[in-house]
Amino acid sequence: MNRAYRFKVRILKTTGRNLMIGITDVKTQKNNRSSYSSGCSHAYYGPGGYIYPGSKTSGSGFNQNDVVEVSVELSNKKITWHVNGIQNAVDTPEAFLNNTNKFMPYIEFYEQSESIEWLGSSFSN
């Protein structure tokens, strides 16, 4: 059985600079400012289509008005990003997911004017 967590957002406004969407470790987030550069988060960089950490090239990214869905498959140790219903990026951060007991959505804006609309989340066992 593949346990999976999903969440979905619509990009309302972006400057096209550093908007990132993914997951972060809850413990790290509570104790310190979590970021992709510390290895405590795995995120997809919208403007460039990169997965961080590691700057892995993947997909075409996302822009204003796009719907981004993040799916975390715990059994397969895989994170997938869909943009407007089409798979855009995949990462298999096994060590990260093995060491993360609890995680939550991670969204990093570059400027205060950027915004998203939360479209929901789900967990399946």
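Up top is the structure.
Per chain, residue numbering runs from 1 following the sequence as it is written. Given that the model is predicted, a residue must reach a pLDDT of at least 70 before its local features are reported, and side-chain atom pairs must reach 80 or more before they are shown or counted; all residues, however, enter totals for whole chains, interfaces and linings. The side-chain figures draw on all heavy atoms in the structure; neither hydrogens nor water molecules are used.

1. A closer look at the sheet that holds strand S7 (residues 78–83)
Taking strand neighbours across the sheet as the criterion, the 5 strands line up as S8-S7-S6-S1-S10 in an open arrangement whose pairing is antiparallel. The open sheet terminates on both sides in strands that have one partner only, identified here as strand S8 (86–91) and strand S10 (115–124). Between one strand axis and the next, the sheet turns through 20° on average, direction left out of account. Strand pairing is assigned whenever DSSP detects at least two bridges linking the two strands. Every helix listed is a DSSP run of H or I at least four residues long, and every strand listed is a run of E at least two residues long, numbered separately from the N terminus. In this analysis an axis means a line fitted to C-alpha atoms, helices contributing only their contacting stretch, and an angle means the value between N-to-C directions, from 0 to 180 degrees.

2. Examining the pairing of S8
When S7 meets S8, the two strands line up antiparallel, connected through 5 bridges. When the sheet's bridge partners are listed, Thr80 is paired in S8 with Val90. Between S7 and the antiparallel strand that follows it, S8, lie 2 residues; Asn84 among them carries a positive phi value of about 55°.

3. A few points about the sheet that holds strand S3 (residues 41–45)
What the 5 strands build is an open sheet, ordered S5-S4-S3-S2-S9; its pairing is antiparallel. The open sheet has two free edges, formed respectively by strand S5 (56–57) and strand S9 (103–108), since each of these has just one partner strand. In terms of strand pairing, strand S4 (residues 50–52) meets S5 through 2 bridges, oriented antiparallel. Considered in S5, the bridge of Tyr50 is made with Thr57.

4. Quick word on unusual backbone geometry
One non-glycine residue, Lys77, lies in positive phi territory at about 55°. Considering the arrangement of structural elements, one finds Lys77 in the loop between strand S6 (67–73) and S7. Accessibility here uses a 1.4 Å probe with only protein chains present; expressed as a share of the type maximum, an area under 20% marks a residue as buried, one over 50% as exposed, and anything in between as partly exposed. Overall, the relative accessible area of 23% leaves Lys77 in the partly exposed class. One non-glycine residue, Asn84, adopts positive backbone phi at about 55°.

5. Considering the pattern of salt bridges
The term salt bridge refers to a pairing of a side-chain nitrogen on Lys or Arg with a carboxyl oxygen on Asp or Glu at a separation within 4 Å. Evaluation of the coordinates by the stated rule reveals 3 salt bridges. Here Glu117 ties to Arg10 by a salt bridge, and the two come within 3.2 Å at their closest N and O atoms. Note that Glu117 is positioned in strand S10 and Arg10 in strand S1 (residues 4–13), a separation of 107 residues in sequence. Note on Glu117: relative accessible area 34%, which makes it partly exposed. Owing to a relative accessible area of 29%, Arg10 belongs among the partly exposed residues under this scheme. Taking the shortest distance from any N to any O, the salt bridge between Glu73 and Lys78 comes out at 3.9 Å. Take Glu73: its relative accessible area is 13%, and that puts it in the buried class.

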